[in-house]
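Below, each chain spelled out in residue letters.
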Amino acid sequence: MPGAPCRLPIVLWLATALTLPSATAQEWAPHGLEGQPQRLDPAIELSTPDQEMLLAYLVRCALPEGLSVEVAVKDGTRRLSGDMGLAPDWMTRPLTEAEQRWVSACMLALTNAFGKNVQVSTRAADPAPSSLTSTEEERRRFTLFEGGFHGNIFAEPPSAYVCLGARNSSEADDPVLLDRVCTEPSGERTAAGEPLSRCGFILTGRCRAPGEAGGEPRETIYVYLEPRGTAQDRP
């Protein structure tokens, strides 16, 4: 299904992920009564909007729609709502490594370097989590294959990778890509010589099928965009 646009620049979430108190999957496990907003245990007090945004997207990616948690903020509490449901058991236990990778892929896929609102269609290879399946209408609208995102932002050190989706010449020039640059090369490299995208993700080349030699891991989220020309022409 189309994912909500993330206003979370990569530099921001990397810095925040390493400074949030209780910043481990185990300590972030929420607990509470069924049907009630869950409270993070131990309580996390978010002192900046950046920290609040980071945790909001973690909850959105991990928990399913209808579940929420409460966190302390400067002026009281805030409820953070689930959506994608990529790690629904986070309510009762730490994330598994596979869940860490799914949630990480979600965070990476929703990252926007400029903090702009760009609607995306998030998908995965079959068998895909239900939140990453797409309808016929969605596939008709979101046709520009931006790329595939995977990694583990919970690891030490965190990792973030992106592959480039196949595009024809008109798609490569579509204006929507001016607002989504996480698959675009920055000209910079890691200490090991790996090319970096403009969001600081390691570029792995063209996307390949999961399981294919050199292909993306199982926990990869593929992002499709709606071409701007198509959107403008539609009544």
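Criteria and thresholds
- The numbers attached to residues start from 1 for each chain and follow its sequence in the written order.
- Only residues with pLDDT of 70 or above have their local features reported here, since the model is predicted, and side-chain atom pairs are shown and tallied only from 80 upward, although totals for entire chains, interfaces and linings are computed over all residues.
- As a rule here, side-chain values come from all non-hydrogen atoms in the structure, and water together with hydrogens is ignored.
- The disulfide criterion is simple: two cysteine sulfur atoms within 2.5 Å.
- Labels follow the DSSP assignment, with helices taken as runs of H or I lasting at least four residues and strands as runs of E lasting at least two, numbered in each case from the N terminus.
- Three labels apply to residues, based on accessible area from a 1.4 Å probe with only protein chains included: buried if under 20% of the type maximum, exposed if over 50%, partly exposed otherwise in between.
- Two aromatic rings from Phe, Tyr or Trp, using only the six-membered ring of Trp, form a pair when their centres are within 6.5 Å; if the ring planes differ by under 30 degrees the pair is stacked, by over 60 it is edge-to-face, and anything between is tilted.

Q: I keep staring at the state of the cysteines and nothing clicks. Help me out?
A: Chemically, a disulfide is nothing more than a covalent bond linking the sulfur atoms of two cysteines. Counted under the stated rule, the structure contains 3 disulfides. A disulfide bridge connects Cys61 with Cys106, and the sulfur atoms are separated by 2.1 Å. An S-S torsion of about -75° defines the bridge between Cys61 and Cys106 as left-handed. Of this pair, Cys61 sits in helix 2 (residues 49–62) while Cys106 sits in helix 3 (residues 97–110); the two residues are 45 residues apart in sequence, bridging distant segments of the chain. Cys106 matches Cys61 in its accessibility class, with the two residues each being buried. Between the sulfur atoms of Cys182 and its disulfide mate Cys199 the distance is 2.0 Å.

Q: So what exactly am I meant to see when it comes to the packing of aromatic side chains here?
A: Think of a pair of aromatic rings as described by two things: how far the centres are apart, and how the planes are tilted against each other in angle. Summed over all chains, the structure comprises 3 aromatic pairs. Between the aromatic rings of Phe149 and Phe201, the centroid separation amounts to 6.1 Å while the plane-to-plane angle is 85°, which identifies the pairing as edge-to-face. Here Phe201 lies in the loop between strand 11 (195–197) and strand 12 (202–206) and Phe149 lies in strand 8 (residues 144–152), a separation of 52 residues in the sequence. Owing to a relative accessible area of 0%, Phe201 belongs among the buried residues under this scheme.

Q: For this particular structure, what's the right way to read unusual backbone geometry?
A: Phi is mostly negative for residues that are not glycine, and the peptide bonds are mostly trans. Between Asp126 and Pro127 the backbone carries a cis peptide bond, its omega angle lying at -5°. Within the secondary structure layout, Pro127 lies in the loop between strand 7 (120–123) and helix 4 (136–141). Residues Glu156 and Pro157 are joined by a peptide bond in cis, for which omega reads 5°.

Purely geometric numbers; function is a separate question.
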